[in-house]
Amino acid sequence: MIFIQETEPTLKRGIWIKHSKKEIQHVRAFDKIPEITKEYIWETDAGLSTIPYKFNLGYRTPIIGDYIYLFGADADLTGGAEADRTAACRYNYKTDTFETLSSSPQTTERAAIAAVGTNIYIVGGGPDNASANKTIYRYDTLTDTYDLIYTLSYPYTLNEVVPYGTDLYIFSTYAANGNGYSYKLNTLTNAVSGITQVPFNMKYGNGVLVKDKIYLWGGWANTNALFRYDPAKNSYTQFRNLPFAHGGCGGSFVIDDYIYIFNGTNFVIYDTVSNEYIHQQTLPESLPSAIVLLPTTDKIQVLCFGTTTDLNKIGRLTIDLEQFEQDTLVICTDGDLKTQLYNDAYLEGALKILFKNVALYSNNTYNFNLESYYGNGTEWIPITEKFIE
């Protein structure tokens, strides 16, 4: 939302330009739309070290410190060795080196994996049938050892686990009798308790934590459903559907309030505050589910383990934030709407990432150096020449 008025708007979201044109309250058109696709650099082979085995369906690859941990692979799909099903290694992204770890006591292919502190939890895994694992193993990264901490009542495979504090939330819709069962694991006591079952087919689905809520989407049924789970209330709320059907495995990561969602060649950015998809594009190659956001500051850099062209390779997706900026956001008024209309949510998200300045375009004249602000929901923040949140 864009406010153009002298007085401070009560709703502190969007853009406020302090200007006398009081008759203009909600302007949605703007110029200098960035050609975002040109700022994304995808490398099928990033020239990094080779993965020690053919890596496929490593559903999650936790990062702890300088290390990214890889567990298991589906040997049936990769044509790899039988030992790949229990293999484990870790990759130091700073030194570009792999280190072999102790093999898992059981197959970890298709397992749901997440880190809490220096421990990694491996839930289920195995074939896509009733013979899948029922176990929860804890892998200690400090001692390179595994401990069986719980045995579930039903097999789990191709499902999702999401850490929240010291708890681990387990979401599933596959079990031997065709039903689904979801749980919360207290990693301090190893106690497991049931939670409300996820209301859609989560098999092959994804989930992430954003602040104190868990977002869940996708699944076996090629669904575009997206739900938010509230751990405090143990309840689900359906939100805006994905702009594509999310079937099979996919990767994701979170930056601030935004969820970056990948599925095949589909890529969208979801704004959890506005409940809008602020960016969508098609990537040149399908990304695997095992993607890891590196903790860099000058750019968004994602490593992808096991590319579609070579399961031993590491791919890399890079977004350079400096190149991603545009000089000026131009807001058009007075009937001079010479650009395509875009929704408010896209504009808010684009400003936070892309623009340094704001200009008002009216009667064929650009008015720069306006007193303008960005609203984050609680306060108005001045937009300066180097404004990037």
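These numbers were taken from a predicted model, which means no experiment stands behind them.

Trainee: Looking at this structure, how should I read the pattern of salt bridges?
Mentor: Between side chains of opposite charge, a pair can form as their charged atoms come close. Using the criterion set out here, one finds 10 salt bridges in the structure. Three or more residues are tied together by salt bridges with common partners; here these are Arg 85, Glu 109 and Arg 110.

Trainee: Sorry if this is basic, but what is going on with the layout of surface pockets here?
Mentor: Unoccupied space between atoms shows up once a probe the size of one water molecule is rolled over them. The space that makes up the largest pocket amounts to roughly 650 Å³. If you trace the largest pocket, you find 21 residues lining it, with Arg 60, Pro 163, Val 208, Ser 252 and Phe 253 closest to the centre. Taken together, the elements giving at least two residues each to the lining of the largest pocket come down to strand S9 (112-116), strand S13 (160-164), strand S17 (206-210), strand S21 (252-255) and strand S24 (291-293). For the lining of the largest pocket, the residue count by class is 15 nonpolar, five polar and one charged.

Trainee: Help me understand empty space enclosed by the protein, please; the structure alone is not making it clear to me.
Mentor: This structure, assessed with the given rule, holds two cavities of 30 Å³ or more. In this structure, the second largest cavity encloses a volume near 30 Å³. Contributing to the lining of the second largest cavity are Arg 110, Ala 112, Val 123, Tyr 156, Thr 157, Leu 158, Asn 159, Glu 160, Val 161 and Ile 170. Looking at the lining of the second largest cavity, its residues break down into six nonpolar, two polar and two charged.

Trainee: How should I be thinking about the packing of aromatic side chains in this particular structure?
Mentor: One pair of aromatic rings is described through two measures. These are the centre distance and the angle between the planes. Taken as a whole and assessed by the stated rule, the structure comprises 20 aromatic pairs. Centre to centre, the rings of Tyr 67 and Tyr 69 are 6.5 Å apart; their planes meet at 55°, and the pair counts as tilted. Its relative accessible area of 2% is what places Tyr 69 among the buried residues. Measuring from ring centre to ring centre gives 5.1 Å for Phe 200 and Phe 227, while their planes differ by 15°; the resulting arrangement is stacked. A residue pair is termed long-range when its members are at least 10 positions apart, and Phe 200 in the loop between strand S16 (191-195) and S17 and Phe 227 in strand S19 (residues 226-230) qualify at 27 residues. Its relative accessible area of 9% is what places Phe 200 among the buried residues. Each residue in the set Tyr 67, Tyr 69, Phe 71, Tyr 139 and Tyr 146 is aromatic and connected to the rest through ring pairs, giving one cluster. A cation sits over an aromatic face here: Arg 90 above Tyr 67, 3.7 Å from the ring centre.

Trainee: Can you walk me through the sheet that holds strand S20 (residues 235-238) in this structure?
Mentor: Strands pair in a sheet through their backbones, by hydrogen bonds, and they do so in one of two ways: parallel or antiparallel. Here four strands make up an open sheet; going across it, the order is S17-S18-S19-S20 and the pairing antiparallel. Single-partner strands in this sheet number two, and they are S17 and S20. Geometrically, the sheet is characterised by an average inter-axis angle of 25° between neighbouring strands, direction not taken into account. In terms of strand pairing, S17 meets strand S18 (residues 213-217) through five bridges, oriented antiparallel. Note that in S18 the partner of Val 210 across the bridge is Lys 213.

Trainee: So what exactly am I meant to see when it comes to the pairing of S9 here?
Mentor: Looking along a regular strand, one sees the side chains alternate between the two faces of the sheet. Taken across its five residues, S9 has four buried, putting it largely inside the fold. Relative to strand S10 (residues 119-123), S9 is paired through five bridges, and the arrangement is antiparallel. The residue of S10 that forms the bridge with Ala 114 is Tyr 121. What sits between S9 and S10 in their antiparallel hairpin is a turn of two residues, with Gly 117 showing a positive phi close to 65°.

Trainee: Sorry, what's going on with the confidence of the model for the chain here?
Mentor: Should the pLDDT be low somewhere, the predicted coordinates at that spot are not to be read in detail. For the chain, the average pLDDT comes to 76, and 71% of its residues sit at 70 or higher. In the predicted structure, residues 22-38 sits below a pLDDT of 50 and forms 49 contacts with residues beyond four places in sequence or in another chain. Ignoring residues within four places in sequence, the model shows residues 385-389, a span with pLDDT below 50, making 14 contacts including any to other chains.

Trainee: Can you walk me through the environment of Ile 122 in this structure?
Mentor: As for its position among the elements, Ile 122 is in strand S10. For the pair Ile 122 and Phe 71, spaced 51 residues apart in sequence, the C-alpha to C-alpha distance is 9.0 Å. Ile 122 has contacts with Phe 71, Thr 108, Ala 111, Ala 112, Ile 113, Thr 135, Ile 136, Tyr 137 and Tyr 146, leaving out every residue within four places of it along the chain.

Trainee: Where do I start with the sheet that holds S21 in this structure?
Mentor: Pairing in this open sheet of three strands is antiparallel, and the strands run S21-S22-S23 from one edge to the other. Sheet topology places S21 and strand S23 (276-287) at the edges, where each strand pairs with a single neighbour. Each strand of the sheet is rotated relative to its neighbour by a mean of 25°, with strand direction disregarded. Here seven bridges tie strand S22 (residues 258-271) to S23, and the two strands are oriented antiparallel to one another. Bridging from a neighbouring strand, Gly 264 pairs with Leu 287 of S23.

Conventions we followed
- Residues numbered from 1 in each chain as written.
- Predicted model: local features only at pLDDT ≥ 70, side-chain atom pairs only at ≥ 80, totals over all residues.
- Heavy atoms only, no water.
- Salt bridge = Lys/Arg side-chain N within 4 Å of Asp/Glu carboxyl O.
- 1 Å grid on protein atoms, 1.4 Å probe; cavity = no way out; pocket = protein on both sides within 12 Å on 5 of 7 lines; lining within 4 Å.
- Points joined across faces, edges and corners; volume = space filled by probe spheres on them.
- Helix = DSSP H or I, 4+ residues; strand = E, 2+ residues; numbered from the N terminus.
- Nonpolar A, V, L, I, M, F, W, Y, C, P; charged D, E, K, R; others polar.
- Phe/Tyr/Trp six-rings, centres within 6.5 Å; stacked < 30°, edge-to-face > 60°.
- Buried < 20%, exposed > 50% of the residue type's maximum accessible area, 1.4 Å probe, protein only.
- Lys NZ or Arg CZ within 6 Å of the ring centre and 35° of its normal.
- Pairing = 2+ DSSP bridges.
- Axes fitted to C-alpha atoms, helices over the stretch in contact; angles between N-to-C directions.
- pLDDT = per-residue confidence, 0-100.
- Contact = heavy atoms within 4.5 Å.

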